[in-house]
Structures are given as structure tokens and as C-alpha cells.
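If you want the building blocks of each chain, they are given just below.
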Amino acid sequence: MVKGKIKLLREAVANIFKCVTIDYPAGTWPGTKYSQIPPKLRGKPKFNEEKCIGCGACSMSCSGVANSYEDKDGWRFVSIFLGQCLFCGRCEEICPEEAIKLTQEFELSYSGPRESEVAYVRHGIELVLCENCGDVIAPAPQIARCREMVMEKIDPSVREIVVTDMEKYSKYCSKCRQILSHKLNTHTRKFY
Amino acid sequence: MNPKQKARIYSPWVFHAHAGGCNNCDIELAAALTPRFDVERIGIVLKNNPRHADILLVTGPVPKQTAPFLKRVYNQVPNPKVVIVIGSCGISGGVYNYDDGRPNYALAGPVDQLIPVDAYVPGCPPKPEAIIQGVVLALQKLAEK
């Protein structure tokens, strides 16, 4: 026991002029002069509202069930419940447009009801509805992005036909497209 | 503010109730109590008896087996008291929920279905700094009681 006390005393004397305690909002580590938050810290997720196309890939890849979306009155509401979020960063990994990012914000504690509005990260995207039946087709930015991608990769010989067809059928949902394909003359038999 | 209440807010004693879970929040909580983060500068001292404590720190999703013990510990803490839930499990079930969002059959529900909760600290696990911030938030609640 005496040996242990001597060892402890030696440790105390060696550390007498060292300061172990760090400033509150962040930590220090070797090489940095001032306290700072780790640059790759995974904190509160944040949507980039200009980039987000509302595809719902983040909801599909969510390893908890924190990230979900619902379609309501012509709008798609993507919401993340921080009380369920694991801060794993899968949504950031999977996002095709790099629209969702985990920020360094870690002070997330809240009081009040469990499902209070403070604990949610929400984002709304406008949907395009079918002109024939009123069902949801896709969010408007996603359709625009898909059109862009098609235009990049399309063969120039069929470009005109595709552009005219796309203008016709992009107003209808996938079921109505099948029903109306004869009327709109958008069937693929033109190509062969 | 009377002197008794002032003393309580200047030195809140905490009790840590582990209610199931993966033990990760408990490790972060132990880290928060080390000299590196030095919670004693805001007067927080860990106590091993709920009868001495002002603040109850609950971690974990509360399995059915643990539920009566948690209720008993809550009743042992003298009034006024505040309860802080640390980690996603205690808030909503966290990773213990099913993939479609249904609650797990072995859980007695999130903590707020058993005892009244004043502050929540989301994170899986939360940083020690986040836990300190949660305790400071709960102290504001304690001042009102």
C-alpha cells in the first residue's frame, strides 16, 4: 500500500504544473494550440435545401428508423428525429447530390416533451402530381435532375423523339403512362 | 431564491442509473466525470446513493426486468429532483426498435413512459461535452422547482 502511495505521489509531483482540464466547448490534442472540435465529428444532420432533390435515399439507407418522409398535400416532408438518430453518417454517404451533411453541432439536448419540434430536422420538397389520377409521380427537382441525366447520355439520333415524348408523359404517373401510351404515342416501338 | 435552493443549484449531486443498453453511454458518462472535462467546476459530484442525489442520469432503453428498479430509484431521490435521459435508447428505443419502427417486445418503453423526464440528450452515444450541456440545461429546470 505504501508503495502504491509513493507511486501516486510521484505521479502527482510530475503533473503538478500540467493542466489536464480542457475548455468547455471543445477538446485539445497534440499539435493544436487552442481547443477545437474534431473536424470530422458527426453531429446534427443538415439539409442543403437547394441541392436536395427529395429522392428519399437517405430514408432508405437509415440504419435506425430516424429518417423518414411522408407525402402530404403535394409536398414531401423529409424529417430526421434526433432522438432516434445514431449519427452514423449513412445518409451523407448515400446521398447522390451531396445534399445532406452531418455538421459539427453536438449540443442537441432539449427539455420539454419527448417529440418536441426542437428534436427534428425537417425539409419540404414540392411534388409533381399526375394530371390523370392525382397520384404522386416524384418530386419536381428529381424529375428535372433525371431529365438532365437522360439528356447527357442520350444517342443524338433519337434525341428529338425522346424530348417530345418526355414532354408528353412526364405529366402522368407510371400506371397512367401504360394506359395512355397509345393515345400519347409514347410506345417504344418507334425505336425498332 | 432562498439559500437552500441556491446551494442545490451550485452543487448538484448526480446519481447514475444504468437501465439496460449497450454500456456505451455509461462509458461516455464516466469520461465526462474525469478531470479532463472537470464537471466539478459546475459543482457536479457523482454519488453512489440515490438518497443523496438531486439529479438522476438514466441511460439505456429500460428492459422490462429493469423497470421496477428504475421506478424505485426514482422514488428514492428526494424532492425536488430532475431526470436526464442520456442517449437515443432512452428517448425512443434507438437501435433496439425494429426496422419498421415498432417498439421491441422486451422493452418497458422509453424512459418517459415510466418516470417524468426533464431533459433529453440525443446522441449514440452523446459526447461528454453534450452530457455536461444537458446537465446545465436540467439545472435551469431545477431552479424553477
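As shown above, the structure is provided for reference.
Being a predicted model, the structure only gives us computed values, none of them experimental.

Asks: Please give an account of the interface of chain A and chain B that cites residues and values.
Replies: Facing the 27 residues of chain A at the interface are 33 residues of chain B. Between chain A and chain B, a total of about 2,400 Å² is buried, with carbon and sulfur atoms accounting for 57% of that surface. Where chain A touches chain B, the interface holds 1 salt bridge. Across the pair B:Asp112 and A:Arg114 runs a salt bridge, and its minimum N-O distance is 3.1 Å. The tally of links between chain A and chain B comes to 10 residue pairs in polar contact (both at pLDDT 80 or more). Looking at the side of chain A that touches chain B residue by residue, the class counts come to 16 nonpolar, 8 polar and 3 charged.

Asks: A description of the pairing of strand E4 (residues 82-86) of chain B should follow, citing residues and the corresponding values.
Replies: Residue and element names in this part refer to chain B. Taken across its 5 residues, E4 has 5 buried, putting it largely inside the fold. By the alternation rule, side chains of E4 split into Val82, Ile84 and Ile86 and Val83 and Val85, which are all buried. The parallel pair strand E3 (residues 55-59) and E4 is bridged by helix H3 (residues 67-76), and the resulting crossover is right-handed.

Asks: Which residues make up the sheet that holds strand E3 (residues 75-81) of chain A, and what values go with them?
Replies: Residues and elements named next belong to chain A. Strand order in the open sheet made by the 4 strands is E2-E3-E6-E7, with antiparallel pairing throughout. Only two strands of the sheet have a single neighbouring strand rather than two, namely strand E2 (67-72) and strand E7 (136-139). Within the sheet, the average angular offset between the axes of one strand and its neighbour, ignoring direction, is 35 degrees. Across 6 bridges, the pairing between E2 and E3 is antiparallel. Each residue of the ladder has a partner; that of Asn67, found in E3, is Ile80. Lying over the sheet, helix H4 (residues 140-153) contacts strand E6 (120-129) and E7, oriented at roughly 75 degrees with respect to E7.

Asks: Now, about the side chain of B:Arg8: what can you tell me, with residues and values included?
Replies: Positionally, B:Arg8 belongs in helix H1 (residues 3-10). Ignoring sequence-local partners within four residues, the contact set of B:Arg8 consists of B:Asp54, B:Pro80 and B:Leu142.

Asks: Describe the sheet that holds strand E1 (residues 13-18) of chain B, with residues and values.
Replies: Strand order in the open sheet made by the 6 strands is E5(A)-E5(B)-E4(B)-E3(B)-E1(B)-E2(B), with mixed pairing throughout. Each end of this open sheet is capped by a strand with a single partner; those strands are strand E5 (110-111) of chain A together with strand E2 (45-47) of chain B. Here E3(B) pairs with E4(B) via 5 bridges, running parallel. Across the sheet, B:Leu56 pairs through a bridge with B:Val83, a residue of E4(B). Packed onto the sheet, H3(B) meets E1, E3 and E4 of chain B and runs at close to 165 degrees relative to E3(B). Lying over the sheet, helix H5 (residues 128-144) of chain B contacts E5 of chain A together with E3, E4 and strand E5 (119-121) of chain B, oriented at roughly 155 degrees with respect to E4(B).

Asks: Tell me what's going on with the packing of aromatic side chains, and back it up with residues and numbers.
Replies: Any pair of aromatic rings gets described here by the distance separating the centres and the angle formed by the planes. The full count for this structure, using the stated rule, is 2 aromatic pairs over all chains. A centroid spacing of 4.9 Å and a plane angle of 25 degrees characterise the contact between A:Phe81 and A:Tyr120, whose relative ring orientation is stacked. Here the residue A:Phe81 occupies a position in strand E3, and A:Tyr120 occupies one in strand E6, the gap between them amounting to 39 residues. Arranged with centres 5.2 Å apart and planes meeting at 25 degrees, the rings of A:Tyr110 and B:Tyr120 form a pair that is stacked. Residue A:Tyr110 is found in strand E5, and its partner B:Tyr120 is found in strand E5; the two belong to separate chains. Here the basic side chain of A:Arg76 rests over the ring of A:Tyr69, its NZ or CZ set 4.4 Å away from the ring centre. Of note, A:Arg122 hangs over the ring of A:Tyr120, and the distance from its end group to the ring centre comes to 4.4 Å.

Asks: So what's going on with the side chain of A:Ser109? Residues and values would help.
Replies: Mapping A:Ser109 onto the fold places it in the loop between strand E4 (100-102) and E5. A relative accessible area of 11% means that A:Ser109 is categorised as buried. Separated by 2.7 Å, the side chains of A:Ser109 and B:Gln133 make a polar contact. Setting aside residues no more than four positions away along its own chain, A:Ser109 makes contact with B:Tyr120, B:Val121, B:Pro122, B:Gln133, B:Gly134 and B:Leu137.

Asks: Any details on the nonpolar core? Residues and values, ideally.
Replies: Residue and element names in this part refer to chain B. Core analysis: the largest hydrophobic core is formed by 24 residues, its most contacted members being Ile55, Leu57, Ile84, Ile86 and Val135. Broken down by secondary-structure element, the contributors of at least two residues to this core are helix H2 (24-32), E3, E4, E5 and H5. Setting aside its immediate chain neighbours within four residues, Ile86 contacts Cys25, Leu29, Leu57, Val58, Thr59, Gly60, Val121, Pro126 and Ile131.

Thresholds applied
Residues numbered from 1 in each chain as written. Chains lettered and ligands numbered in written order. Predicted model: local features only at pLDDT ≥ 70, side-chain atom pairs only at ≥ 80, totals over all residues. Heavy atoms only, no water. Contact = heavy atoms within 4.5 Å. Buried area = accessible area lost by both parts, 1.4 Å probe. Salt bridge = Lys/Arg side-chain N within 4 Å of Asp/Glu carboxyl O. Polar contact = N/O pair within 3.5 Å; in protein donor to acceptor, adjacent residues only side chain to side chain. Nonpolar A, V, L, I, M, F, W, Y, C, P; charged D, E, K, R; others polar. Buried < 20%, exposed > 50% of the residue type's maximum accessible area, 1.4 Å probe, protein only. Helix = DSSP H or I, 4+ residues; strand = E, 2+ residues; numbered from the N terminus. Right-handed = clockwise from strand over helix to strand, strands pointing away. Pairing = 2+ DSSP bridges. Axes fitted to C-alpha atoms, helices over the stretch in contact; angles between N-to-C directions. Phe/Tyr/Trp six-rings, centres within 6.5 Å; stacked < 30°, edge-to-face > 60°. Lys NZ or Arg CZ within 6 Å of the ring centre and 35° of its normal. Core = buried A, V, L, I, M, F, W, Y, C linked by side-chain atoms within 4.5 Å.

Honestly, it's all geometry; don't read function into it.
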